[in-house]
Amino acid sequence: MKTVLSGIQPSGKLTLGNYIGAMKNFVKLQNDYACNFMVVDLHAITVAQDPKALREQSEAVAALFIAAGIDPGKANVYMQSHVPPHAELGWILTTLTSMGELERMTQFKDKAAGKESVGAGLFVYPSLMAADILVYNADLVPVGEDQKQHLELARDLASRFNHRFGEYFTSPDPYIPEVGARIMSLDDASKKMSKSNPNPGSYIALLDTPDEIRKKISRATTDSGKEVRYDPAEKPEISNLMSIYSECSGKSLAEIQNEYEGQMYGGFKKDLAEVAVSVLEPLQKRYYEIRESGQLYDILAKGADRAMETASRTLNDVKERMGFLLPR
Ligand code: TYM
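For the structure given in this document, a descriptive report is provided here. On a predicted model such as this, the values are computed, not experimentally measured, just so you know.

Describing the overall build of the protein
A tally of regular secondary structure across the protein gives 13 helices and 5 strands. Dimensions of the protein along its principal axes, counting C-alpha atoms only, are 75 × 45 × 40 Å. Buried positions account for 52% of the 328 residues belonging to the protein. Relative to all contacts within the protein whose residues are 6 or more apart in sequence, the contacts with residues 24 or more apart total 76%. Split by element, the accessible area of the protein, about 15600 Å² in all, is 50% carbon and sulfur. Between the averaged position of the 38 positive side-chain charges in the protein and that of its 44 negative side-chain charges there is a distance of 2 Å.

Structure below.
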C-alpha cells in the first residue's frame, strides 16, 4: 500500500479553504493509502503562539480531522511533536538545505515581509516539512496550491540525500485538487482565504454558525456585471464562489453555470450559503461530540504509536547511511 502524509497547523481557526484544499482529500485518500495526518504543532511555533491558545487549537484541529470524516481506525491521526523523529530528521535535512533555497520560498517571504525580526524557525520551516514527508517515505501529499513550492524542496532533498548516501527516499508527489486548490478571500479575490486574516468576514471558519456563514456569504464581494460565469481572470470573485459551491455540492462548474444562467448574484449566493451550511453543520455536530467524548487523547496516542514505528526506522536508516554511530 502506498503512503500519504499531510499536516495542518494549529495556529488559528481552520477555514473552508483548509477543508476544501486539504482535509476533504484526506478523507478521500484514506481508503486506498496508508495515511498519516498530523497536527503540526512544531510548525505552528515558528511564529509566536500563546500557550493556552496553542493547546486549545491543537485539540480543535485534531477533533476537526475526525469530524471531517477521517477514520482513526484507518488513518493515523496524531500530534507532530508526539513523534520525535520529525524534529530530528528535520535538523538533519536542514544541514542538506542551502540558504538560497530557503530564501526563495514565497511563504517565508510573505510571512517575513515588513517584520523587524524574523525567527530562524520560520526560515528553516520547509526543511522540517520535508522531514515530515520523507520520514514515512510518503508517495503522495494532499495539500493546497500554496504548499507546492515546499513540496518541491522535499523532492529536491530526497534526491540530494539519495545522490550522496545511496538510493533511499521516495520522491513525493503533490496531490492538489483541480478546482479548490486555492480558495480566495471573501473580501478580496486576489488574496488566499486565510485563518490569519484579521478580518473574520474574509473567511468562513469551519466552526462558524450557520447564521454567520449566511451573513459572510451574503456580504462577500462580487464582480461588477451580473452573470454567474466561471472566468477567474475576468470574474475572480464570482469564480471563487463558484469553486466553493462546486466543492461543497459535488456539482461541476459547468453544471453550476447552467443552473444559474440568466439569474442574478443574489439567488446564487443564497443557495451557496445553504450548500456550505449543509456541509459544515453535520461536521460541527460531530466535532462537538468528539470534543465531549473524551476519546481524543486516546486516538492521538494510538496514531503516534503507529506513526513512530515507521518514523524511527527511517531515522535509524538515515543515520546509519550518513555515518552516525548507532547505539549498541
Ligand atoms: P496550513 O496549516 O497553512 O494549511 C493546511 C492545508 O490547507 C491548505 N490551504 C488551502 N487550500 C486551498 N485554499 C486555501 N485558501 C487554503 N489555505 C490553506 C494548505 O495548502 C494546506 O494543505 N506547511 C503546511 C503544514 C505542513 C504540511 C507538512 C503539509 C507541515 N508539514 C507536511 C503537508 C505535508 C501548512 O502550513 O499548512
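Describing helix H8 (residues 148-165)
Look at H8: 26 Å from first C-alpha to last across 18 residues, which is about the 26 Å you get at 1.5 Å a residue. Residues His 150, Leu 151, Leu 153, Ala 154, Leu 157, Ala 158, Phe 161, Asn 162 and Phe 165 constitute the buried set of H8. Just beyond H8, the residue with positive phi is Gly 166, at close to 100 degrees.

Some words on helix H4 (residues 85-94)
Counting buried residues in H4 gives 7 out of 10 residues, a clear majority hidden from the surface. Restricting attention to buried positions, one finds in H4 the residues Pro 85, His 86, Leu 89, Gly 90, Ile 92, Leu 93 and Thr 94. Among the structural elements, strand S2 (34-39), strand S3 (76-79), helix H7 (120-134), H8 and helix H13 (296-322) are those in contact with the buried residues of H4.

Observations regarding the pattern of salt bridges
If you walk through the whole model with that rule in mind, you get 16 salt bridges. Close ionic contact of Glu 88 with Lys 319 constitutes a salt bridge, the shortest N to O distance being 2.6 Å. You can see Glu 88 sitting in helix H4 and its partner Lys 319 sitting in helix H13, a full 231 residues away along the chain. Residue Glu 88 is classed as partly exposed on the basis of its relative accessible area of 34%. By relative accessible area, which is 17% here, Lys 319 ends up buried. We note a salt bridge from Lys 285 to Glu 289, for which the minimum N-O separation is 3.4 Å. On the criterion of helical spacing, the pair formed by Lys 285 and Glu 289 is a turn pair, its members being 4 residues apart in helix H12 (residues 265-293). Using a relative accessible area of 56% as the deciding quantity, one classes Lys 285 as exposed. Salt bridges linked by common partners bring Glu 56, Glu 59 and Arg 291 together as one network.

Structural notes on the pairing of S2
The buried fraction of S2 amounts to 5 of the 6 residues, a majority that puts the element mostly inside the structure. Here 6 bridges tie strand S1 (residues 3-8) to S2, and the two strands are oriented parallel to one another. Bridging across to S2, Val 4 finds its partner in Cys 35. Following the chain from S1 across helix H1 (residues 16-29) to the adjacent parallel S2, one finds a crossover that is right-handed. Both S2 and S3 contribute to a ladder of 4 bridges, which runs parallel. Across the sheet, the residue bridging to Val 39 is Met 79, located in S3.

Structural notes on the site of the ligand
The ligand sits among 27 residues. The nearest are Gln 9, Tyr 125, Asp 132, Asp 146 and Ile 183. Separating a nitrogen atom of the ligand from a backbone N or O atom of Gly 17 is a distance of 3.2 Å. The side chain of Tyr 125 places a nitrogen or oxygen atom 2.6 Å from an oxygen atom of the ligand. When isolated, the ligand has an accessible area of 710 Å², and the protein chains bury 98% of it. For the shell around the ligand, the secondary structure elements donating two or more residues are S1, H1 and H7.

How each quantity is defined
Residues numbered from 1 in each chain as written. Predicted model: local features only at pLDDT ≥ 70, side-chain atom pairs only at ≥ 80, totals over all residues. Heavy atoms only, no water. Helix = DSSP H or I, 4+ residues; strand = E, 2+ residues; numbered from the N terminus. Buried < 20%, exposed > 50% of the residue type's maximum accessible area, 1.4 Å probe, protein only. Contact = heavy atoms within 4.5 Å. Areas by Shrake-Rupley, 256 points an atom, 1.4 Å probe, with all protein chains shown as cover. Lys, Arg positive; Asp, Glu negative; His and termini not counted. Charge placed at Lys NZ, Arg CZ, Asp CG, Glu CD. Expected span 1.5 Å × (residues − 1). Salt bridge = Lys/Arg side-chain N within 4 Å of Asp/Glu carboxyl O. Pairing = 2+ DSSP bridges. Right-handed = clockwise from strand over helix to strand, strands pointing away. Near = heavy atom within 4 Å. Polar contact = N/O pair within 3.5 Å; in protein donor to acceptor, adjacent residues only side chain to side chain.

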